[in-house]
Amino acid sequence: MESTLSEYLNSQDELVREAALALPHQFSQCSYALGPLRQAVYLCLTCPEARGLCAACSIACHTNHEQIELFPKRNFRCDCPTTSIAHNCTLHTKLEPENEGNQYGQNFKGLFCRCGRPYDAKTERETMIQCLACEDWFHESCCNLRERPTSREPSPAPPENLSSQNDPNHTETGDDAASEASSSGLPPPLISGDEYESFVCGSCVSRNTTLQRWAGTSGAMLVARDSPGSSWRRVSGPEAEEEVVQVDDNQASSSSGIKRPLSPSALDGPETKRAKGSSPIPHLAIPSCLAPPQHPLAATVMSNLNKSDPNSLGAGDIFLSLGFRDRWCHCHTCLPPLKAEPYLLDDEETYEPPDDPDSGLSLEELGMRALSRIPRDKALDGIHAFNAMRDDLVKFLRPFAQDGKVVNESDVHGFFASLKEAAAKKGRE
Ligand SMILES: [Zn+2]
Ligand SMILES: [Zn+2]
Ligand SMILES: [Zn+2]
Ligand SMILES: [Zn+2]
Ligand SMILES: [Zn+2]
Ligand SMILES: [Zn+2]
């Protein structure tokens, strides 16, 4: 198959023009003007000031800079156009005063979790979980969900919460625990990612009496141990219910008096019946509160949260199961602490840069979309590689065009072979 070079170059120009259009449409606007928002925030490691950038600025203003994506942070206003960063913003060119309202926690020093370790996408083997309240990230092992991996070698699968949504290898087998274990080479966690919708870390739980009250119930699972020497287990309701988890379904439904595990609330469970009976459950002494019974171990962990060694029986993290926002009790004790943290009651909106209004679906546009779904550092590499390749190709083809020569397949093969050679040479250096 042959085509004249001018045809080829024209089509190349067209592609390049489309690529240039695709990029600005998605990333032409800094979110600064919109004020503080919950949005994906990027930390630039190249700029000396540890400040957060919006998605558009991370691409448009700090393209060649090393960055970490910190994922959503609420009440955040882009600092790229402000005096707090010396590097000039190319999108919002008016110099703005420093954002006083931005919270600059340890993530902006590149440190994560209660262990305060740095995050390295290349070597991190563990899944990390984001706290709904403080929005810091936690290692599964630091939540006592599983052993700490012995080595932090790169894992065959990327870390879950940073990728699972878009992982093409992620199959809905219904046996997430097993697939997670095999893909990462680690044993399955005590509570697997598909069993909870949100996570709140122990230190955030310790500031909210309602979360403490619900910790260790079916909708707010807890990881704890009976003594500092015993092994970690999940606590998700009173002892009797936990035993039922071992019983198979047939037995559970045929024998009366055995409760269904994971009953979503005391309202439809046997708890209400039992309250009318002979053995009252202490918390139901206040009949207006609908919080399900709490496991005594959960109560102990909660009462130890602010003590000197709060981690001995459990870190106090809670794993909120699907639909948790609809299940809270709205009594005068439970509701006020929830209202103080509105994201516990209502799902929050997270700002995203507007979609490309011209959905021409060019190759480059599709490419850009694919790039936006892979980790930021890799995406930036991809953009650089694409630009470098395009420039080289145009340089290579220009003499053919000037001479009106026909480009044939072997010319193109030759071009890619020379690219490969150059890359290999670079690799050897
Ligand atoms: Zn910005
Ligand atoms: Zn930068
Ligand atoms: Zn900017
Ligand atoms: Zn940690
Ligand atoms: Zn937290
Ligand atoms: Zn209540």
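Refer to the structure above for everything that follows.
An account of the accompanying structure is given in this report. (Residues numbered from 1 in each chain as written. Chains lettered and ligands numbered in written order. Predicted model: local features only at pLDDT ≥ 70, side-chain atom pairs only at ≥ 80, totals over all residues. Heavy atoms only, no water.)

Section: the coordination of the zinc ion (ligand 3)
Part 1 of the reasoning: Within the protein, C57 (SG), C61 (SG), C80 (SG) and C89 (SG) serve as the donor atoms for the zinc ion (ligand 3), at 2.2 to 2.4 Å.
Part 2 of the reasoning: Each of the four donor atoms bound to the zinc ion (ligand 3) contributes to angles spanning 108 to 112°, and the resulting shape is tetrahedral.
Part 3 of the reasoning: Linear spacing of the donor residues for the zinc ion (ligand 3) on their chain is C-x3-C-x18-C-x8-C.
Part 4 of the reasoning: Between the zinc ion (ligand 3) and the zinc ion (ligand 1), a spacing of 4.4 Å is present, and a bridge between the two is formed by C57. (Donors = N, O, S within 2.8 Å, 3.2 Å for Na, K, Ca; no water. Tetrahedral: all angles 85-135°; square planar, octahedral: opposite > 155°, others 65-115°.)

Thoughts on the environment of G101
Part 1 of the reasoning: Inspection of the secondary structure assignment puts G101 in the loop between β4 (67-76) and β5 (111-112).
Part 2 of the reasoning: By relative accessible area, which is 53% here, G101 ends up exposed.
Part 3 of the reasoning: For the pair formed by G101 and R77, sequence separation is 24 residues and the distance between their alpha carbons is 7.9 Å. (Helix = DSSP H or I, 4+ residues; strand = E, 2+ residues; numbered from the N terminus. Buried < 20%, exposed > 50% of the residue type's maximum accessible area, 1.4 Å probe, protein only.)

Focus: the side chain of S141
Part 1 of the reasoning: When you line up the elements, S141 lands in the loop between β8 (137-139) and α3 (176-184).
Part 2 of the reasoning: Exposure remark for S141: the relative accessible area of 7% places this residue in the buried category.
Part 3 of the reasoning: In this view, S141 contacts E126, R146, E147 and R148; residues no more than four positions away in its chain are not counted. (Contact = heavy atoms within 4.5 Å.)

What about the coordination of the zinc ion (ligand 4)?
For a metal with four donors in a tetrahedral arrangement, the ideal angle between donors is 109.5 degrees, while six donors in an octahedron ideally sit at 90 or 180 degrees.
Part 1 of the reasoning: Here the zinc ion (ligand 4) is held by the protein donor atoms C113 (SG), C115 (SG), H139 (ND1) and C142 (SG), which lie 2.1 to 2.4 Å from it.
Part 2 of the reasoning: Because the angles between the four donor atoms bound to the zinc ion (ligand 4) fall within 99 to 118°, the donor set is best described as tetrahedral.
Part 3 of the reasoning: Sequence spacing among the residues donating to the zinc ion (ligand 4) works out to C-x1-C-x23-H-x2-C. In this pair, C115 is assigned in the loop between β5 and β6 (117-118) and H139 in strand β8, connecting sequence segments 24 residues apart.

Some points on the sheet that holds strand β3 (residues 52-53)
Part 1 of the reasoning: Ordered by their spatial adjacency, three strands build an open sheet running β3-β2-β4, and the pairing between neighbours is antiparallel. The open sheet has two edge strands with one neighbour each: β3 and β4.
Part 2 of the reasoning: Pairing between strand β2 (residues 37-44) and β3: two bridges, direction antiparallel. Bridging from a neighbouring strand, Y42 pairs with L53 of β3. (Pairing = 2+ DSSP bridges.)

Let's talk about the pairing of β4
Part 1 of the reasoning: The buried fraction of β4 is high, at eight of ten residues.
Part 2 of the reasoning: Bridge count between β2 and β4: seven bridges; the pairing is antiparallel. Each bridged residue has a counterpart across the sheet, and for Y42 the counterpart in β4 is E69.

Here we look at the sheet that holds strand β11 (residues 233-235)
Part 1 of the reasoning: Spatially, four strands are ordered β9-β12-β10-β11 in an open sheet, and the strand pairing comes out antiparallel. Edge positions in the sheet fall to β9 (198-200) and β11, since each of these pairs with one other strand and no more. Ignoring which end each strand starts from, the neighbouring axes of this sheet average 30° apart.
Part 2 of the reasoning: Of the pairings in the sheet, the one linking strand β10 (residues 220-224) to strand β12 (residues 318-320) comprises three bridges and is antiparallel in character. What sits directly across from M221, in β12, is F319.
Part 3 of the reasoning: Of the strands in this sheet, β10 and β11 are in contact with helix α9 (residues 296-304), which crosses β10 at around 75°. (Axes fitted to C-alpha atoms, helices over the stretch in contact; angles between N-to-C directions.)

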